[in-house]
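Tertiary structure, described
For reference, the chains in residue letters:
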Amino acid sequence: MENNTELYLSEIKEIRKMMAQSSRFLSLSGLSGILVGLYGLAGAFIAWRMLWLVPPSPLQMVFPSEIVGSFLMLGAVTLALALITVIWLTYRRIRKSGNKFWTPGSRLMCISLAVPLVSGGLLILIFITRGVFGVIAPLCLVFYGLALVNAAKFTRQEIFYMGLLQIVLGILAALIPQWSLFFWAAGFGLVHIIYGTVMFFRYEYHSKK
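Now for a look at the structure at hand.

How each quantity is defined
Residues numbered from 1 in each chain as written. Predicted model: local features only at pLDDT ≥ 70, side-chain atom pairs only at ≥ 80, totals over all residues. Heavy atoms only, no water. Axes fitted to C-alpha atoms, helices over the stretch in contact; angles between N-to-C directions. Helix = DSSP H or I, 4+ residues; strand = E, 2+ residues; numbered from the N terminus. Parallel < 35°, antiparallel > 145°, perpendicular 65-115°, else oblique. Left-handed = near helix turned anticlockwise from the far one by under 90°. Contact = heavy atoms within 4.5 Å. Nonpolar A, V, L, I, M, F, W, Y, C, P; charged D, E, K, R; others polar. Salt bridge = Lys/Arg side-chain N within 4 Å of Asp/Glu carboxyl O. Phe/Tyr/Trp six-rings, centres within 6.5 Å; stacked < 30°, edge-to-face > 60°. Buried < 20%, exposed > 50% of the residue type's maximum accessible area, 1.4 Å probe, protein only. Lys NZ or Arg CZ within 6 Å of the ring centre and 35° of its normal.

Some points on the packing of helix 5 (residues 136–151) against helix 6 (residues 158–175)
Close contact between helix 5 and helix 6 brings their axes to 7 Å; oriented N to C, the two are set at 160 degrees. Considering the angle they form, helix 5 stands roughly antiparallel to helix 6. For helix 5 against helix 6, the interelement crossing comes out left-handed. For the pair formed by helix 5 and helix 6, the contact residues are Pro138, Leu141, Val142, Tyr144, Gly145, Leu146, Leu148 and Val149 on the first element and Ile159, Phe160, Met162, Gly163, Leu164, Gln166, Ile167, Leu169, Gly170, Ile171, Ala173 and Ala174 on the second. Residue composition of the contact of helix 5 with helix 6, by class: 16 nonpolar, 4 polar and no charged.

And the structure:
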């Protein structure tokens, strides 16, 4: 009887594992998080150096048009590098494990991420076209945090807590606008590096030994 009970429990655990794998995307690369964080810190440092050329108003963050264009180009390059790195390293990890990249779990996670990110991106573009730049850093952090919180139910739970940190940093950036660049660097730089390190050693390091 005990052997049968253990067998049933083992089968139930296996079924639950299969259901979790089908509804959640668990192959995010921790190393990609570290690299994205380094890109964020590098981008923030370059932006900080650019600010020395044209000091902004602490509240309105009004820049000449050529500086705004440089900021947008810097942001686009940083975002492109981050996306390429995440997709490439995650895809490589999935290939090694023999799993599929596009699953119901990954599809749900991408949709959950996309809704807040696209909404926030459009709102930020509206503010940019109207010459209001002081809200960019807070909105980037808040909407990114909301996207992570929204997508956490389809991936690792650590994503949820990282999202909360991003939201808190975004609110702080709105409260102290003259320090918004440093809060942005903390959110997209340091938080990503800490998250990536935790994810790497928790889920990837032992599998590589």
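And the narrative resumes.
Let's talk about the pattern of salt bridges
Enumeration according to the criterion identifies 1 salt bridge in this entry. The closest approach of N and O atoms between Glu158 and Arg202, which form a salt bridge, is 2.6 Å. In this pair, Glu158 sits in helix 6 while Arg202 sits in helix 7 (residues 180–208), placing the two residues 44 residues apart along the sequence.

Re the packing of aromatic side chains
Within the structure shown, the criterion is met by 6 aromatic pairs. Between Trp179 and Phe182, the ring centres sit 5.1 Å apart and the planes meet at 50 degrees, which makes this aromatic pair tilted. On the accessibility criterion, Trp179 (48% relative accessible area) is partly exposed. Aromatic rings pair up to connect Tyr144, Trp184 and Phe188 into one cluster. It is Arg92 that lies over the ring of Trp88; its NZ or CZ is 5.1 Å from the centre.

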